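Structural description and commentary
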Amino acid sequence: MSTQTADPAAITAQAHAADVRKAWGRGGAAHPADGSWSDALLVSAVRRGDLAAFAGLYRRHLAVAGYVARAECDPGNDPDDVVAEAFGSVFGSLAKGGGPRESFQAYLTTTVRRIAHRRNIQGRRRATLGYGSAMDSLVLSEDSTIKAFESTTLMRAFHSLPVRWQAVLWCVEVEGLKPAATARVMELSPNGVSSLLIRAREGLRQAYLQQHVKVSPDDPCIDFSRHLGKFVRNAVHRAARQRLDHHVAVCRRCHEALQDLKEIHEAMASD
């Protein structure tokens, strides 16, 4: 047994992990809105003390967390323990008013990797001062790193998508899962994943373009400007296209916004 002084934060996280297993393991009570609430609503509910809301987050993201843990863990490092500690750590952060502000899944998978890497280092029983110091820096800057990541235009576009589109894009584009593995995570067929991924990628392109258009609730052109991203991608019906064509012909501001989007779109196509 190690004679090193236990890390209080780790002890706290492990205690929360035990609570997670008891409260949100198999047979845990489902949140009434588990199937319809977004991650953001469930996270807000957890911060208000709603434990059942965290049960919804736990079930929704357990498969992805498990896959990441299995990919990151060395032999002999139990992925289930890593997942439990990660959920416990995230729950502890939320209970104190911290934790994820935007993407719960991004925050969770980063936490899973951090814990898996820490356990891998401990399990190897060798001096890794340089690597250990780098990991310490990563842990300390985790929240700021995720905040910076989520503040980008691309991530704002990502968060505007339906949850299922976010999930398939995250699995394939970020986690690098193959369609077969993604199918198991999302409980779909590989063909279903491929079809969903096509729609999600196109939706992300449209949303990314739309993020470059400033639209306010009192914008007199909102009925037109909120569709410019789709317009550039040729994803609006003929009647809507005709109305937009007429509007941008007489509205200088929307015409200029459309020209900007076309330039961005051309840059995207050339990448």
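Residues numbered from 1 in each chain as written. Predicted model: local features only at pLDDT ≥ 70, side-chain atom pairs only at ≥ 80, totals over all residues. Heavy atoms only, no water.

Brief notes about the overall build of the protein chain
Assigned secondary structure in the protein chain consists of 15 helices and zero strands. Pairs at least 24 residues apart make up 63% of the contacts formed inside the protein chain by residues separated by at least 6 positions. Carbon and sulfur atoms make up 54% of the accessible area of the protein chain, which totals about 15,600 Å². (Helix = DSSP H or I, 4+ residues; strand = E, 2+ residues; numbered from the N terminus. Contact = heavy atoms within 4.5 Å. Areas by Shrake-Rupley, 256 points an atom, 1.4 Å probe, with all protein chains shown as cover.)

A word on the packing of aromatic side chains
If you walk through the whole model with that rule in mind, you get five aromatic pairs. Measuring from centroid to centroid gives 6.1 Å for phenylalanine 158 and tryptophan 170, while their planes differ by 50°, and the two rings are tilted. Of this pair, phenylalanine 158 sits in helix H8 (residues 153-159) while tryptophan 170 is found in helix H9 (residues 163-174), placing the two residues 12 residues apart along the sequence. For the pair shown, phenylalanine 158 and tryptophan 170 are each scored as buried. Stacked on the ring of phenylalanine 231, the Lys or Arg arginine 241 has its end atom at 4.2 Å from the ring centre. (Phe/Tyr/Trp six-rings, centres within 6.5 Å; stacked < 30°, edge-to-face > 60°. Buried < 20%, exposed > 50% of the residue type's maximum accessible area, 1.4 Å probe, protein only. Lys NZ or Arg CZ within 6 Å of the ring centre and 35° of its normal.)

Considering the pattern of salt bridges
Applying the stated criterion across every chain, the model contains eight salt bridges. Arginine 60 is paired through a salt bridge with aspartate 39; the nearest N and O atoms lie 2.6 Å apart. Placement of arginine 60 in helix H3 (residues 51-72) and of aspartate 39 in helix H2 (residues 39-47) is noted, with a sequence separation of 21 residues between them. Taking the relative accessible area as the measure of exposure, aspartate 39 reaches 14% and is therefore buried. When the shortest N-O distance is used, the salt bridge between glutamate 202 and arginine 233 registers 2.5 Å. Of the two residues, glutamate 202 sits in helix H11 (residues 190-210) while arginine 233 sits in the loop between helix H13 (228-232) and helix H14 (238-250), which places them 31 residues apart along the sequence. Using a relative accessible area of 24% as the deciding quantity, one classes arginine 233 as partly exposed. Residues joined by salt bridges that share partners form a network here, namely Glu85, Arg118 and Arg119. (Salt bridge = Lys/Arg side-chain N within 4 Å of Asp/Glu carboxyl O.)

Regarding helix H4 (residues 79-95)
Between its terminal C-alpha atoms H4 stretches 24 Å, which fits the 24 Å expected from 17 residues at 1.5 Å a residue. Among the residues trailing H4, glycine 97 stands out with phi positive, at a value near 90°. (Expected span 1.5 Å × (residues − 1).)

Side note on H3
Owing to its 3.6 residues per turn, the α-helix aligns residues three or four sequence positions apart on the same side. Approximately 50° is the largest bend angle found in H3, and it occurs at histidine 61. Those residues of H3 that fall on the buried side of the exposure criterion are Ala53, Phe54, Ala55, Gly56, Leu57, Tyr58, His61, Val64, Ala65, Gly66, Val68 and Ala69. (Bend = angle between axes of the 7 residues up to and from the residue.)

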